[in-house]
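# Observations on the model geometry
Here are the chains, one letter per residue:
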Amino acid sequence: MDKILVRGGRPLKGTIPISGAKNATLPILAASLLTTGHVHLSNVPHLRDVTTMLELLGQHGSAITIDEKLGVEIDNARVNNFTAPYDLVATMRASILVMGPLLARYGQTDISLPGGCAIGSRPVNLHIQGLRAMGADIELGGGYIRARAKRLVGTRFTFDPVTVTGTENLLMAATLAKGQTILENAAREPEVVDLAQCLIAMGAKIQGAGTSTIVIDGVDSLQGCHHAIIPDRIETATFMVAAVLTQGDVLLTNACASTLYAPIDKLKDMGAIIDELDNQSIRVRSNGNIRAIDLETSPFPGFPTDLQAQMLVLISLSQGTGIVTETVFENRFMHVSELQRMGADIRIRGNTAHVRGCSKLIGAPVMATDLRASASLVLAGLAAEGETLISRVYHIDRGYERIEEKLRALDADIQRVSG
Ligand code: UD1
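So, a few notes on the structure that sits alongside this text. (Residues numbered from 1 in each chain as written. Predicted model: local features only at pLDDT ≥ 70, side-chain atom pairs only at ≥ 80, totals over all residues. Heavy atoms only, no water.)

## Digging into the nonpolar core
Let me state the cut-off plainly: For our purposes a nonpolar core is just a set of buried Ala, Val, Leu, Ile, Met, Phe, Trp, Tyr and Cys residues, chained together by side-chain atoms within 4.5 Å. The rule is simple: take the accessible area with a 1.4 Å probe, protein chains only, and divide by the maximum for that residue type; under 20% is buried, over 50% is exposed, in between is partly exposed. The numbering of helices and of strands both runs from the N terminus, where a helix is a DSSP run of H or I of at least 4 residues and a strand a run of E of at least 2. Residue contacts are defined here by distance: any two heavy atoms, one from each residue, within 4.5 Å place the two residues in contact.
Grouped together as the largest cluster of nonpolar side chains are 72 residues, with contacts concentrated most on Leu131, Leu152, Leu171 and Leu199. Counting residues per element, this core draws most heavily on helix α1 (residues 22-31), at six residues. Once residues lying within four places of it in the same chain are set aside, the contact partners of Leu171 are Leu183, Val192, Leu195, Ala196, Leu199, Ile206, Ile214 and Ile216. Of all hydrophobic cores here, the second largest spans 68 residues; its members include Val284, Val313, Leu314 and Leu410.

## Quick look at the site of the ligand
As a reminder of what qualifies: Any residue with a heavy atom lying within 4 Å of a molecule or strand is counted as near it. Note on areas: Shrake-Rupley, 1.4 Å probe, and residue coverage restricted to the protein chains presented here. Amino acids outside the nonpolar list (Ala, Val, Leu, Ile, Met, Phe, Trp, Tyr, Cys, Pro) and the charged list (Asp, Glu, Lys, Arg) are all regarded as polar, and Gly is one of them.
Close to the ligand lie 19 residues, the nearest being Asn125, Thr163, Thr165, Asp306 and Val328. Across the complex, the protein chains shield 85% of the 730 Å² of accessible surface that the ligand would expose by itself. Those elements that place two or more of their residues in the shell around the ligand are α5 (125-133) and α6 (164-175). Among the elements that take part in the shell around the ligand, α5 stands out by supplying three residues, more than any other. Grouping the constituent residues of the shell around the ligand by class yields nine nonpolar, six polar and four charged.

## Considering unusual backbone geometry
Along the chain, Asp160 connects to Pro161 via a cis peptide bond; the corresponding omega equals 5°. You can see Pro161 is positioned in the loop between β10 (156-158) and α6. Cis peptide bonds are those with omega within 30 degrees of zero, and the linkage from Phe300 to Pro301 qualifies with 10°. One non-glycine residue, Arg392, lies in positive phi territory at about 60°. Looking at the secondary structure, you find Arg392 in the loop between β23 (387-391) and α13 (394-397). Arg392 sits in the partly exposed class, given a relative accessible area of 38%.

## A look at the state of the cysteines
Chemically, a disulfide is nothing more than a covalent bond linking the sulfur atoms of two cysteines. As a reminder of what qualifies: Cysteine sulfur atoms are paired as a disulfide whenever they come within 2.5 Å of each other.
Under the counting rule described, the total for this entry stands at zero disulfides. Of all cysteine sulfurs in the structure, the one in Cys225 sits closest to Cys198, which takes part in no disulfide; the separation is 3.8 Å. For Cys198, a relative accessible area of 1% translates into the label buried.

## Re the pattern of salt bridges
Heads up, the condition is: Throughout this description, the term salt bridge denotes a Lys or Arg side-chain nitrogen within 4 Å of a carboxyl oxygen of Asp or Glu.
Evaluated as defined, the whole model comprises 23 salt bridges. Between Arg10 and Asp411 there is a salt bridge; the shortest N-O distance is 3.2 Å. Linking Arg10 in the loop between β1 (3-7) and β2 (13-17) with Asp411 in the loop between α14 (403-409) and β24 (413-417), this pair joins segments that are 401 residues apart in sequence. Under the relative-accessibility criterion, Arg10 is labelled partly exposed at 36%. One salt bridge connects Arg285 with Asp275, and the closest N-O pair in it is separated by 2.8 Å.

Shown next as structure tokens:
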């Protein structure tokens, strides 16, 4: 199994293009099931999760054409299988996103229940409750969700707590429902807005995406469309943290600062120099002094939980002490024990991490536990003295496109080694 070897201590310098957003691509690929027209997507990132979703679509009967330059085209004229099997759902929870579209378009789906997950129990009860409120008949048994419906009907549904993929599943289902659906306490993430924009291009009637109330007026059918995926804000911010950590100077292109105000404000509070050069480029530098801060994760527009692990590394190398509170997921501090092995001074109490800044981290063999945790270990390795060997890096390939190549282009000493 591949590992990543990092020799730390080199300031990152140069320009890096940001890839398309994983968390926008996955629901938009699922949304293609709502139409028999051709859906053409550009700026699709090369990621393992995207391959898994394409595999799932292929299993349903989608014909998929991938062109390095032109993007991905999906033709769903021959969809004939409505099951999302255990082996695919087990590798990627976001497979649940096909539930709403299959039910709305074909009236049936059998989806394996997503199992446990390294970052908490992560239930899908709200996806199920919401679809039931739209008239679906849903039974659980044998590890599967069995959902049937004649035609879904519009409803008013309130999410508690707010859920990103839950909002996306209901949003997609509601586009073909009879009548109006009102989603309250909906997720406001930029990826939800990107999905809504793609659905609107397919002919859906949606208002309020990006606010906590989304109103959808169901239509009888949707057509094909062209859509360009938004830049990945988590990848962008991960490279921003890398630039600050290594006292570098990095230009991020094809990026979107307006989706990143909470992380940008926090990084500026820590002493980073961040300039939005135009609508698509962000320059990040550090003056060498990193100040400690406190931060609390929360749904958008709050600080993203998907950046908590990366920021923990930065606070570990700051001057002072900081408290990081994780409010979105239980058990999302699995990276801490590995960072401690590299010399980080972090103590966990419940859902808070108390961090005392230290002057250096020391390279060590470490193990990735989930996608964002593995990114934090790469960052720690870039800043550490000596060699860091990260195992289980398949996690990182789920959500970061060619991370070691991109970092090498910024002059990092990083390579993938097999075995
Ligand atoms: C999405 C993102 C993930 C990100 C997360 C939070 C995708 C593919 N993944 O995951 O990268 O970390 O948002 O920003 O977009 N919950 C329930 N019942 C439900 C659904 C969720 O109680 O039916 C709870 C969860 O346990 C969690 C909270 O809601 O505590 C938020 O989770 P949710 O927004 O659903 O995360 P995902 O959509 O799975």
